[in-house]
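# What the coordinates show
Chain by chain, the residues:
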Amino acid sequence: MMETHRWFLCTQCRGTFRVEADVSRYNHIPKPMRCLARGSGAVGCESANFVPVDPAMGDSAGRCVDYQEIRLQEQMARTAPAAVPREIAVVLERDLVDRVKSGDVVTVTGIVMCRWRPAVSEGRPDISVAIRASSVSAHGDQMAQRAVTGARRAEFGRFWAEHESAAMRARDTIIASMCPQIYGLFYVKLAVLLVVIGGVACTDAAGMRVRGEAHLLMVGDPGTAKSQLLRYAARLAPRAVLATGVGSTNAGLTAAAIKERGEWQLEAGALVLADRGLCCIDEFGSIRGAERNAVLEAMEQQSVSVAKAGMVCRLNARCTVLAATNSQNGSLAAGNAGLPAPLLSRFDLVLKL
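Residues numbered from 1 in each chain as written. Predicted model: local features only at pLDDT ≥ 70, side-chain atom pairs only at ≥ 80, totals over all residues. Heavy atoms only, no water.

### Observations concerning the pattern of salt bridges
- Scanning all chains against the criterion turns up 12 salt bridges.
- Across the salt bridge formed by Arg-318 and Asp-275, the nearest N and O atoms sit 2.8 Å from each other. Residue Arg-318 is located in the loop between strand E18 (311-316) and strand E19 (320-326), and its partner Asp-275 is located in the loop between helix H6 (270-273) and strand E16 (278-282); the two are separated by 43 residues in the primary sequence. Note on accessibility: Arg-318 and Asp-275 belong to one class, buried. (Salt bridge = Lys/Arg side-chain N within 4 Å of Asp/Glu carboxyl O. Helix = DSSP H or I, 4+ residues; strand = E, 2+ residues; numbered from the N terminus. Buried < 20%, exposed > 50% of the residue type's maximum accessible area, 1.4 Å probe, protein only.)

Okay, structure coming up:
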């Protein structure tokens, strides 16, 4: 909740006046320097003694409103190579609160403003840029698709018209263009393409949902182009997140609770950011045992349960997991692949390179 204004009573003229919250100072309500009351006997009052009073009749309903701050991060697919995605704070008020969740693709319309905190001793009055939103809309599957221009559509039509009588030859041409710097691995490239394209989720009459995303695990010795295939698949997918299992934590894969300026907030991890997209995880066998439970839930239930710092919620993680790990002793058994049996069973395809 945010307090939008506060009423003060002048101890000299007994007049009341209202002071609005300053949004540019993090909704701080400054104490007035002189009496601002208007009315009989209040004109020209220069008193500096006043005390807060209860809101006037009929004014208490609009004094406090719902308030929320979110961080808007640039999409991974639209960032420049070797660049860190930029982010900006967005202020949501009233009916805009709780419109979106972590990992959603959103469109925000609002006013850009500068914010700074009141100056204190031995403190830096840092200035930041934020957006005061007037409209927020979350997008579903349509934002996960790349816009197909007329020229590209015509190119597709010509390609399939030329191979109308030889569909398998057209398929081989498409597979050959997948990661062309890697020779061979025909069936591996075919599997990666099918995983990137994805399937269709279905819900039966009882309400049980069957996911349409297929998970793929590539197991092989070092130097078998597993990482190259992961990076190329991340470039193909409209929405993709590339991570590594070495040093990954539960918070980095699911969601982290961060305390900033005395308030707790959630920051989405790799699986949540890849919602409706592709999550590529290299060195998958290096994920520690404590973090594997979160991956299990995301791969099967397509969601992540968060209970941190008093915040209990469920975030969508409807993503396809494309993972790679090194083989041990040249076997695909659960123990030799470095993965427990429950985690290995979550993958729909397991390929040995």
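### Thoughts on the packing of aromatic side chains
- Taken as a whole and judged by the stated rule, the model has 3 aromatic pairs.
- Ring geometry for Phe-186 and Tyr-187: centres 5.4 Å apart, planes at 90°, overall edge-to-face.
- Given the relative accessible area of 29%, Phe-186 is considered partly exposed.
- Each ring, one from Phe-284 and one from Phe-347, has its centre 5.4 Å from the other, and the planes form 85°; the classification is edge-to-face. Separated by 63 residues along the polypeptide, Phe-284 in the loop between E16 and helix H7 (289-301) and Phe-347 in the loop between helix H8 (341-344) and strand E20 (349-352) bring together distant segments of the chain. (Phe/Tyr/Trp six-rings, centres within 6.5 Å; stacked < 30°, edge-to-face > 60°.)

### Thoughts on the sheet that holds strand E2 (residues 5-10)
- Strand order in this open sheet of 3 strands is E3-E2-E4, and the pairing throughout is antiparallel. At either end of the open sheet lies a strand with only one pairing partner, and these are strand E3 (16-20) and strand E4 (50-53). Here the average twist between neighbouring strands, direction ignored, is 40°.
- One ladder, built from 4 bridges, connects E2 with E4; its direction is antiparallel. Bridge pairing in E4 places Cys-10 opposite Phe-50. (Pairing = 2+ DSSP bridges. Axes fitted to C-alpha atoms, helices over the stretch in contact; angles between N-to-C directions.)

### Here's the deal with helix H4 (residues 226-236)
- If you check which residues of H4 are buried, you get Lys-226, Leu-229, Leu-230, Tyr-232, Ala-233 and Ala-234.
- At its buried positions, H4 is contacted by helix H3 (186-197), strand E12 (216-220), strand E13 (240-244), E16 and E19. (Contact = heavy atoms within 4.5 Å.)

### Some points on the sheet that holds E20
- Sheet architecture is open: 5 strands sit in the order E13-E16-E19-E12-E20, paired in parallel fashion. Each having just a single partner strand, E13 and E20 make up the two edges of the open sheet. Taken pair by pair, the neighbouring strands of this sheet meet at an average axis angle of 15°, ignoring direction.
- Two strands pair when backbone bridges link them, and E12 and E20 are joined in this way by 4 bridges, in the parallel orientation. Bridge pairing links Val-219 to Lys-352 in E20.

### With respect to a nonpolar patch on the surface
- Nonpolar side chains collect at one region of the surface, where Phe-156, Trp-160 and Ile-174 lie side by side and expose about 290 Å² of accessible area between them.
- Looking at where Phe-156 falls in the secondary structure, it is placed in helix H1 (residues 150-162). (Patch = residues over 30% accessible without salt bridge, like charges linked within 9 Å, V, L, I, M, F, W, Y side chains within 5 Å. Areas by Shrake-Rupley, 256 points an atom, 1.4 Å probe, with all protein chains shown as cover.)

### Concerning the environment of Ala-270
- The topology assignment puts Ala-270 in helix H6.
- Taking the C-alpha atoms as reference points, Ala-270 and Val-241, 29 residues apart in sequence, are found 6.3 Å from one another.
- With residues near it in sequence (within four places) discarded, Ala-270 still touches Val-241, Ala-243, Gly-252, Leu-253 and Cys-279.

### Quick notes on H7
- Taking 1.5 Å of rise per residue, the 13 residues of H7 would be expected to cover 18 Å, and the 19 Å separating its terminal C-alpha atoms lies within 8% of that figure.
- For H7, the complete set of buried residues consists of Glu-291, Arg-292, Ala-294, Val-295, Leu-296, Ala-298 and Met-299.
- The inward-facing, buried residues of H7 abut helix H5 (250-253), H6, strand E17 (303-308), E19 and H8.
- Gln-302, located one to two residues past H7, shows a positive phi value of around 60°. (Expected span 1.5 Å × (residues − 1).)

### Describing the pairing of E2
- Burial of E2 is extensive: 5 of the 6 residues sit out of reach of the surface.
- With 5 bridges connecting them, E2 and E3 associate as antiparallel partners. In the sheet register, His-5 faces E3, and the bridge partner there is Glu-20.
- A loop of 5 residues connects E2 with E3, the two strands running antiparallel in sequence, and Arg-14 in this loop sits at a positive phi of about 60°.

In short, the description is geometric, and any link to function would need to be established separately.
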